Amino acid sequence: MTKLTSQPSGRLLYAQSGGVTAVINATAAGVIEAARAKGVKVYAARNGILGALREDLIDTSKESRAAITALRHTPGGAFGSCRYKLKSLDANRAEYERLIDVFRAHDIRWFLYNGGNDSADTALKISQLGKAMGYDIRCIGVPKTVDNDLAVTDCCPGFGSVAKYTAVSTLEASLDVASMADTSTKVFIVEVMGRHAGWIAAAAGLAGEGADAPPHLILFPERVFDEAAFLAKVKATVERVGWCTVVASEGIRNAQGQFLAEAGTRDAFGHSQLGGVAPVLAALVKEKLGYKYHWALPDYLQRSARHLASKTDADQAYAVGKAAVDYALAGMNAVMPVIVRSSDAPYRWKIEAAPLLKIANREKKMPASFLTRDGFGITAAARRYLAPLIQGEAALPYGKDGLPKYVTLRNEALPRKLPSFKA
């Protein structure tokens, strides 16, 4: 972490990266409102770092105060996002030179990158640009990921809301299954996001407590999938309860280390594309046990469900955006505002600065103490950690048509000053 003594004049550039969340725009609102309060103009990069490379920049000063405030309850990414990972300076110097050219052309002195693990890595690389290329730029990584797998921070903005959605949906769907189990579905399987860490799946455990309460089985990436143990647990549950709800992380693997849902393709970051673990599990249940089943894949629904957002999560998302501006204007570089928990009950938290070096390219998985001995549930310690994060309802304004009133920004582009660049 470095702190510079002088504060330059200039513009602040904000960008959103990776999969968006129900509350990432609350962070954007925190950034823009905090910067406006200090007389700093904010530009936004359209579609993340690609907007910076393409010199596709948005002038947020053209947006009204009411529109920026409305971002606090609007899901999606208001400025567009992307999955694009910068290579090292040595591997692709042209991209870094382009970024410096764009920053210089528009007098950008602060860059705030709002994203997860790969975005933290990008933020760290850009934070090192000034020294390497002779330009005064400070970069702040801003936390966001539904996966909750960023190191150092107690939790990640975006997670509390997807956790609430997952727990509520598991509870409600299970009541449906229980109603029809005598003559219909015996096994219901929900697949949730989580490639390497099972935080979202764990949140489903808040839906109920006890051997007969759903979810009856949770499958975590942190545990090797044991087919025999899984089938035995499902069978025993159906025989005892009459039905069974299963929640599975998309990233569960077999003993050979292979994803059960491997699709054979890769995304822009080089990650394996997963084809759906729920239908794989459902087919197994049908073949080996003969039970009637249904499965569900919430996919984008779980991360965009602003109507079920956690107030705690929305408040934290706004707070990290505001803190990021404070750190940037204080001359900090290569840091991230992280959430620090001081108490479980009552839940208390604060924001502190942490070095990006301790966050980038690191992944926080579920601790062993959060998983039950059989690997199919969460412990009391996990409940103490998870429960505060889904607390509170983040109210929405509704229109006469019964739908939420979300905002669509003007996103007026700045005039380009440089030749085009293909990224």
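Computed from a predicted model, the values in this text were never measured in an experiment.

### Looking at the packing of aromatic side chains
Any two aromatic rings considered together are summarised by their centre-to-centre distance and by the angle between their planes.
Okay, step 1: This model, assessed by the stated rule, comprises seven aromatic pairs.
Okay, step 2: Ring geometry for Tyr14 against Phe79: centres 6.1 Å apart, planes inclined by 80°, an arrangement best described as edge-to-face. Here Tyr14 is found in strand S2 (residues 11-16), whereas its partner Phe79 is found in the loop between helix H3 (65-70) and helix H4 (93-105), with 65 residues between them in sequence. In this pair, the class of Tyr14 matches that of Phe79, namely buried.
Okay, step 3: Ring centres of Phe103 and Phe111 lie 5.9 Å apart, and the angle between their planes is 40°; this geometry places the pair in the tilted category.
Okay, step 4: For Phe103, a relative accessible area of 0% translates into the label buried.
Okay, step 5: Grouped by ring-pair contacts, the aromatic residues Phe103, Phe111 and Tyr113 constitute a single cluster.
Okay, step 6: Above the face of the Tyr318 ring, Arg72 is positioned so that its terminal group lies 3.6 Å from the ring centre.

### Re the UniProt feature "binding site: substrate" (unreviewed entry) in the protein
Okay, step 1: UniProt feature "binding site: substrate" (unreviewed entry): in the numbering of this structure it lies at Thr145, Val146, Asp147, Met193, Gly194, Arg195, Glu250, Tyr300, Leu301, Gln302 and Arg303.
Okay, step 2: Leave out the neighbours within four places in its chain, and Gln302 touches Val162, Tyr165, Glu191, Val192, Met193 and Ile200.
Okay, step 3: Separated by 3.3 Å, the side chain of Gln302 and the backbone nitrogen of Met193 make a polar contact.
Okay, step 4: If you trace the backbone, Arg303 turns up in helix H11 (residues 300-304).
Okay, step 5: Its relative accessible area of 13% is what places Arg303 among the buried residues.
Okay, step 6: Every residue in contact with Arg303, bar those within four places of it in the chain, is listed here: Gly19, Val20, Thr21, Ala22, Arg83, Val146, Val162 and Met193.

### Overview of the sheet that holds strand S7 (residues 187-192)
Okay, step 1: Strand order across the open sheet formed by four strands is S8-S9-S7-S12, with parallel pairing between neighbours. The open sheet has two edge strands, strand S8 (217-219) and strand S12 (293-296), and neither has a second partner. Between one strand and the next, the sheet's axes are offset by a mean angle of 15°, whatever the strand orientation.
Okay, step 2: Two strands pair when backbone bridges link them, and S7 and S12 are joined in this way by four bridges, in the parallel orientation. Directly across from Phe188, in S12, lies its bridge partner His294.
Okay, step 3: Here helix H10 (residues 277-289) sits on the sheet and contacts S7, S8, strand S9 (244-249) and S12; the angle it forms with S7, its principal contact strand, is near 160°.

Rules of the game
Residues numbered from 1 in each chain as written. Predicted model: local features only at pLDDT ≥ 70, side-chain atom pairs only at ≥ 80, totals over all residues. Heavy atoms only, no water. Phe/Tyr/Trp six-rings, centres within 6.5 Å; stacked < 30°, edge-to-face > 60°. Helix = DSSP H or I, 4+ residues; strand = E, 2+ residues; numbered from the N terminus. Buried < 20%, exposed > 50% of the residue type's maximum accessible area, 1.4 Å probe, protein only. Lys NZ or Arg CZ within 6 Å of the ring centre and 35° of its normal. UniProt positions renumbered as here; feature names shortened; annotations may be inferred. Contact = heavy atoms within 4.5 Å. Polar contact = N/O pair within 3.5 Å; in protein donor to acceptor, adjacent residues only side chain to side chain. Pairing = 2+ DSSP bridges. Axes fitted to C-alpha atoms, helices over the stretch in contact; angles between N-to-C directions.

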